[in-house]
Amino acid sequence: MKKCLMTPLIIIVMGICTRPCAAGDVRESILASAANYTYMWWASGLRDQTKAFNIQTNRYAMSFDYGKMQLTHLTPLKKAPTPGQALTMSNKAIFAKSNVSMDCVLHAGGRKFRITAPKRVNTHNCQLIESGRFFQRRCLTELNWTAGAPKLSSELEIAAWPDRLLLLLRITPKADIADGAIEITLRFTDAKTRKFSMRTDNWPAGSEQQLGVILHPTANGFSVTPTNTAPRRPEPIKITAAQTLPRKTALKVAYDPTQGQHYITLRNDQADHTPNGRNNRTERVDVTLNNPTDRPQIARLCFGKKQTLRITGLSAIICDSAARPIGLPVQISKNWHVKTKTERYEGPWYRGLTMLTVPARTTLKIQYVSFGALFG
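Note that the coordinates shown come from a computational prediction; the quantities given were computed from them, not determined experimentally.

1. Observations regarding the overall build of the chain
For the chain, the helix and strand inventory stands at four helices and 25 strands. Expressed as a percentage of the 376 residues in the chain, the buried residues total 51%. Long-range contacts, defined here as pairs at least 24 residues apart, represent 64% of the contacts in the chain between residues at least 6 apart. As displayed, the chain has an accessible area near 18200 Å², and 51% of this comes from carbon and sulfur atoms.

Dropping the structure here:
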């Protein structure tokens, strides 16, 4: 039986439509967005020796056996369970039989080297980076390679939105590599084998190269796109953001094609640094999302900053343009620990994540609001 500290939410939301439309169009769209979810858990508990972890969303389910360093399950869900149903389903109901495997290969100097099971299973190297309503991320570090592999550092990142899964391999060699390449192969038991590669003929020491695959669940399986050929710009949807409190200023919005999200860079403005001032802190950002196309478009939003303010006491909500909370959740992911300064996701940083659907030929106006102990 799955066990999770998260509880299902009942959400009532409103939206704003800036085109001629039926009154319920945008509200229904945002309600549909609020039905999205992700869960991640150890399949048999953290104390179990197998160390397999599962991810389930309202669109697909996957399982990764860290003890074997192997992807074992990847299944689209044609009839999505509700968040509450997903919490009480048994593992066997979704992960009955292995249906996929993954092969990660490094080509160097005319030889092939593969990722294999770790010599010692250490959950510190199966790092939990983010976990919440909309987004799950693990980073598997200190990967083990077959004998004779060149000295290198490498990691495999697994990042999951409700409608999108990323498997990303990063490699940094300690010495120059000639005739280099990275290769990822997915073998499905009921579909064609998919192989993707990226050449790095002259690969200098200390230069990180990465290759990943992006999977979207479809009616018949998954569409698979390698990250090195993914579109570099988000053509369908245009997003702008401006901070209105504590001071008015435009904010940078950048699309990350690897993670499939718009990153909105927040500021660290704070006029009053006293304890009570931090409690009264309010950060308000106006966000405009324009979809000029004839089809609904998904917007995955990340409100992020390299946090210098106190981040242990912080909440965030989504409001309409009149500053009224609309009930769409914001996943709070944050870190303030700095130990070795060598690991990729050491802090301090903050990310507020949410996801919504913008109807065809529609502009939505929302507000992101973050605050301390007091709101309004």
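2. Things to note about the layout of surface pockets
Of the voids in this model, the second largest pocket is the one considered here, and its volume is about 480 Å³. For the lining of the second largest pocket, the elements supplying multiple residues, two or more each, are β7 (126-131) and β23 (331-335). The element contributing the most residues to the lining of the second largest pocket is β7, with four residues. Counted by class, the lining of the second largest pocket contains eight nonpolar, seven polar and five charged residues.

3. Observations regarding the pairing of strand β12 (residues 177-188)
Most of β12 sits out of view: nine of its twelve residues are buried. In this sheet, β12 lies alongside strand β5 (residues 100-108) in antiparallel orientation, the contact comprising eight bridges. Residue pairing across strands places His107 opposite Ala181, the latter belonging to β12. Across nine bridges, β12 lies against strand β13 (residues 194-203) in antiparallel orientation. Note on β13: the bridge partner recorded for Gly180 is Thr200. Count of turn residues in the β12/β13 antiparallel hairpin: five residues.

4. Quick word on the packing of aromatic side chains
Tallied over the full model, the rule gives seven aromatic pairs. Geometrically, the ring pair formed by Phe135 and Trp161 is tilted, given 5.1 Å between the ring centres and 45 degrees between the ring planes. Here Phe135 is found in the loop between β7 and β8 (136-141), whereas its partner Trp161 is found in strand β10 (residues 152-161), with 26 residues between them in sequence. With a relative accessible area of 0%, Phe135 lands in the buried category. The exposure class assigned to Trp161 is buried, which follows from its relative accessible area of 1%. By way of ring pairs, the aromatic residues Trp42, Phe53 and Phe64 are connected into one cluster. Taking NZ or CZ as reference, Arg133 lies 5.9 Å from the ring centre of Phe134, over its face. The aromatic ring of Trp349 is capped on one face by Arg351, whose charged end is 3.8 Å from the ring centroid.

5. Considerations on the pattern of salt bridges
Evaluation of the coordinates by the stated rule reveals 16 salt bridges. Taking the shortest distance from any N to any O, the salt bridge between Glu283 and Arg281 comes out at 2.8 Å. On the accessibility criterion, Glu283 (3% relative accessible area) is buried. Look at Arg281 and you get buried, because its relative accessible area is 10%.

6. A word on unusual backbone geometry
The phi torsion of most residues other than glycine is negative, and most of the peptide bonds are trans. Of note, the bond from Leu245 into Pro246 is cis; its omega dihedral lies within 30 degrees of zero at 5 degrees. For Pro246, the location among the structural elements is in the loop between β16 (238-245) and β17 (249-251). Despite not being glycine, Arg361 has its phi angle at roughly 45 degrees, a positive value. Secondary-structure assignment places Arg361 in the loop between β24 (349-358) and β25 (362-371).

7. What to know about the nonpolar core
One recurring pattern in soluble globular proteins is that nonpolar side chains are buried together. Grouped together as the largest cluster of nonpolar side chains are 43 residues, with contacts concentrated most on Phe64, Leu169 and Leu215. Contacts of Leu169, omitting those with residues within four sequence positions, involve Cys104, Ile115, Leu143, Trp145, Glu155, Leu156, Ile182, Ile184, Gln209, Gln210 and Leu211. Core analysis: the second largest hydrophobic core is formed by 25 residues, Ile239, Leu314, Ile366 and Tyr368 among them.

8. Digging into the confidence of the model for the chain
Put simply, the chain has an average pLDDT of 87, and 88% of its residues get 70 or more. Counting interchain partners and residues more than four positions distant, the pLDDT-below-50 stretch residues 1-25 has 59 contacts.

9. Looking at the pairing of strand β4 (residues 70-76)
Relative to β4, strand β3 (residues 60-65) runs antiparallel, the two sharing six bridges. Bridged to Met62 within β4 is Leu74. The turn joining β3 and β4, which pair antiparallel and follow one another in sequence, is formed by four residues; a positive phi near 50 degrees is taken by Met69.

10. Description of the sheet that holds β7
Reading across from one edge, β7-β8-β10-β11-β14-β15 is the order of the six strands in this open sheet, with antiparallel pairing throughout. Since the sheet does not close on itself, it has two edges, and those belong to β7 and β15 (221-226), each with one partner. Along the sheet, successive strands turn relative to each other by an average axial angle of 15 degrees, direction set aside. Relative to β15, strand β14 (residues 209-218) is paired through six bridges, and the arrangement is antiparallel. Bridge pairing in β15 places His216 opposite Ser223.

11. Details of the sheet that holds β12
Reading across the sheet, the five strands line up as β9-β6-β5-β12-β13 and stay open at both edges, with antiparallel pairing between neighbours. Each having just a single partner strand, β9 (144-145) and β13 make up the two edges of the open sheet.

12. Describing the side chain of Thr172
Relative to the elements of secondary structure, Thr172 occurs in strand β11 (residues 164-173). Ignoring anything within four residues of it in the chain, the contact list for Thr172 reads Leu152, Ser153, Gly206, Ser207 and Glu208.

Conventions adopted
- Residues numbered from 1 in each chain as written.
- Predicted model: local features only at pLDDT ≥ 70, side-chain atom pairs only at ≥ 80, totals over all residues.
- Heavy atoms only, no water.
- Helix = DSSP H or I, 4+ residues; strand = E, 2+ residues; numbered from the N terminus.
- Buried < 20%, exposed > 50% of the residue type's maximum accessible area, 1.4 Å probe, protein only.
- Contact = heavy atoms within 4.5 Å.
- Areas by Shrake-Rupley, 256 points an atom, 1.4 Å probe, with all protein chains shown as cover.
- 1 Å grid on protein atoms, 1.4 Å probe; cavity = no way out; pocket = protein on both sides within 12 Å on 5 of 7 lines; lining within 4 Å.
- Points joined across faces, edges and corners; volume = space filled by probe spheres on them.
- Nonpolar A, V, L, I, M, F, W, Y, C, P; charged D, E, K, R; others polar.
- Pairing = 2+ DSSP bridges.
- Phe/Tyr/Trp six-rings, centres within 6.5 Å; stacked < 30°, edge-to-face > 60°.
- Lys NZ or Arg CZ within 6 Å of the ring centre and 35° of its normal.
- Salt bridge = Lys/Arg side-chain N within 4 Å of Asp/Glu carboxyl O.
- Core = buried A, V, L, I, M, F, W, Y, C linked by side-chain atoms within 4.5 Å.
- pLDDT = per-residue confidence, 0-100.
- Axes fitted to C-alpha atoms, helices over the stretch in contact; angles between N-to-C directions.

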